[in-house]
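Residue strings, one per chain:
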Amino acid sequence: MSNMLLDGPKIQEVFGWNLRKRLKDKNMTQTKLAIDLGISRLIVGRWVSGSGIPKPRLMAKVCNALECTPDYLMKDHYAG
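Residues numbered from 1 in each chain as written. Predicted model: local features only at pLDDT ≥ 70, side-chain atom pairs only at ≥ 80, totals over all residues. Heavy atoms only, no water.

A few words on helix α4 (residues 56–66). Of the residues making up α4, those classed as buried are Leu58, Met59, Val62, Cys63 and Leu66. Along the axis of α4, the buried positions cluster into a sector of 140°, meaning they face one direction only. Every exposed residue of α4 that faces more than 90 degrees away from the buried side is listed here: Arg57, Ala60 and Asn64. Contacts from the buried residues of α4 go to α1 (10–25), α2 (30–37), α3 (41–48) and α5 (70–74). With its phi angle positive at about 50°, Glu67 sits one or two positions after the end of α4. (Buried < 20%, exposed > 50% of the residue type's maximum accessible area, 1.4 Å probe, protein only. Helix = DSSP H or I, 4+ residues; strand = E, 2+ residues; numbered from the N terminus. Arc of directions from axis to C-beta. Contact = heavy atoms within 4.5 Å.)

Here's what the structure looks like:
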């Protein structure tokens with residue numbers, strides 16, 4: 001079923017893909033997002049590479065900076 005929230009390790013991969021796409025759509029760099037969030041660019045880089053996701057306290061800040069919802073970032077929009 002498409003547009004379902006995912007569980008387990010795949011969520012990191014999907015989150016990374018959606019984050020990369022949203023950064024590109026907003027013409028924002030990983031460095032700019034990191035500065036806006038007050039965190040290391042290396043942390044954002046881990047998210048983008050699919051090696052992690054933000055802790056709940058940061059998710060709202062990520063979504064605010066990217067003008068999207070957590071649901072958008074966590075869904076596999078292309079599952080068939």
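Still to come is the rest of the account.
Attention now goes to the side chain of Lys75. Tracing the backbone through its elements, the reader meets Lys75 in the segment after α5. Exposure remark for Lys75: the relative accessible area of 18% places this residue in the buried category. Side-chain polar atoms of Lys75 contact the side chain of Asp71, separated by 3.1 Å. (Polar contact = N/O pair within 3.5 Å; in protein donor to acceptor, adjacent residues only side chain to side chain.)

Okay, the confidence of the model for the protein chain next. Close inspection of predicted coordinates is inappropriate for parts of the model with low pLDDT. With 86% of its residues at a pLDDT of 70 or more, the protein chain shows a mean pLDDT of 89. Mean pLDDT values for the elements of the protein chain range from 94 in α5 up to 98 in α2. (pLDDT = per-residue confidence, 0-100.)

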